[in-house]
Amino acid sequence: MAQFLSEEWLESAAAIREEFKGQGGAPPHKMRMNLVITEAPAEVSEGSIDAHMDTTEGDMQMDTGHLEGPDLTVTLDYVTAKAILVEGNPQAGMQAFMAGKIKVQGDMTKLMAMQSATPDPTAQEIATRLQAITD
């Protein structure tokens, strides 16, 4: 098991996504989103973590670094990011947003549309596998 967003975790998560590439249905919404993840543990990052999610190619792509010209940028703390992205806990996201812990710049409707979509069985299996590798 690896700590969320550590180098080891990122490599394992990429391998899982690659294993399932092209097997699931296309994401219901095309979106290019940058993430700024703050308050990461010192053993994961010395500052905030820049990452991105991109569904425009038909699969969910997630990696470090930012995209040029994203539809939106979401800034959130490490604990909330883990709860949403690994644990699949939309309530954590909603509570954090209502408490002002999530900041959104850009087209918020794309984020809301993504959050309301029902994951297909492949996406659910990827989520289960990500949970299994995460400390």
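Please refer to the structure higher up on the page.
Residues numbered from 1 in each chain as written. Predicted model: local features only at pLDDT ≥ 70, side-chain atom pairs only at ≥ 80, totals over all residues. Heavy atoms only, no water.

Visitor: Mind showing me how you'd approach the pattern of salt bridges here?
Guide: Pairs can form between side chains of opposite charge whenever their charged atoms are close. A complete count under the given rule lists four salt bridges for this structure. Residue K110 pairs with D71 through a salt bridge whose shortest N-O separation is 3.9 Å. With K110 in helix 4 (residues 108-116) and D71 in the loop between strand 3 (61-64) and strand 4 (72-77), the pair connects residues that are 39 residues apart, well separated along the chain. As a salt-bridge pair, K101 and D77 come within 3.9 Å of each other at their nearest N and O atoms. Here K101 is found in the loop between helix 3 (90-98) and strand 5 (103-106), whereas its partner D77 is found in strand 4, with 24 residues between them in sequence. According to the relative accessible area criterion, D77 is buried, its value standing at 6%. (Salt bridge = Lys/Arg side-chain N within 4 Å of Asp/Glu carboxyl O. Helix = DSSP H or I, 4+ residues; strand = E, 2+ residues; numbered from the N terminus. Buried < 20%, exposed > 50% of the residue type's maximum accessible area, 1.4 Å probe, protein only.)

Visitor: For this particular structure, what's the right way to read the sheet that holds strand 5?
Guide: What links the strands of a sheet is backbone hydrogen bonding, and the strands pair in either a parallel or an antiparallel sense. Strands sit in the order 3-2-1-4-5 across an open sheet of five strands; the sheet is mixed. Looking along the sheet, the strands with just one partner apiece sit at the ends: strand 3 and strand 5. Going from strand to strand, the sheet's axes swing by 20° on average, the running direction of each strand aside. As defined by bridge partners, strand 1 (residues 32-38) adjoins strand 2 (residues 49-54) across six bridges and the pair is classed as antiparallel. Within strand 2, the residue paired with N34 across the bridge is H52. (Pairing = 2+ DSSP bridges. Axes fitted to C-alpha atoms, helices over the stretch in contact; angles between N-to-C directions.)

Visitor: Any chance you could explain helix 2 (residues 78-85) here in plain terms?
Guide: Spacing of three or four residues puts side chains on the same side of an α-helix, whose turn is 3.6 residues. For helix 2, the complete set of buried residues consists of Y78, T80, A81, K82 and A83. Taken together, the buried residues of helix 2 touch strand 1, strand 4 and helix 3. (Contact = heavy atoms within 4.5 Å.)

Visitor: It is not clear to me how unusual backbone geometry should be interpreted in this structure. Could you clarify?
Guide: Working note: non-glycine residues mostly have negative phi, and peptide bonds are mostly trans. Of note, the phi angle at L5 is positive, near 70°, even though the residue is not glycine. By the element assignment, L5 lies in the segment before helix 1 (7-19). Phi at E39 takes a positive value of approximately 60°, unusual for a residue other than glycine. Following the sequence through the fold, E39 ends up in the loop between strand 1 and strand 2. The class for E39 is exposed, based on a relative accessible area of 68%.

Visitor: I would appreciate a short explanation of the packing of aromatic side chains in the present structure.
Guide: Two aromatic rings are characterised by how far apart their centres lie and by the angle between their planes. Going through the model one piece at a time under the given rule, you end up with two aromatic pairs. Pairing F4 with W9 gives two aromatic rings, centres 5.0 Å apart and planes at 80°, and the pair type is edge-to-face. Each member of the pair, F4 as well as W9, carries the same accessibility label: buried. Seen in terms of ring centroids, F4 and Y78 are 5.4 Å apart; in terms of plane orientation they differ by 50°. Their pairing is tilted. With F4 in the segment before helix 1 and Y78 in helix 2, this pair connects stretches of sequence that are 74 residues apart. When its relative accessible area of 0% is taken as the criterion, F4 is described as buried. Here a set of aromatic residues connected by ring pairs shows up, and it is made of F4, W9 and Y78. (Phe/Tyr/Trp six-rings, centres within 6.5 Å; stacked < 30°, edge-to-face > 60°.)

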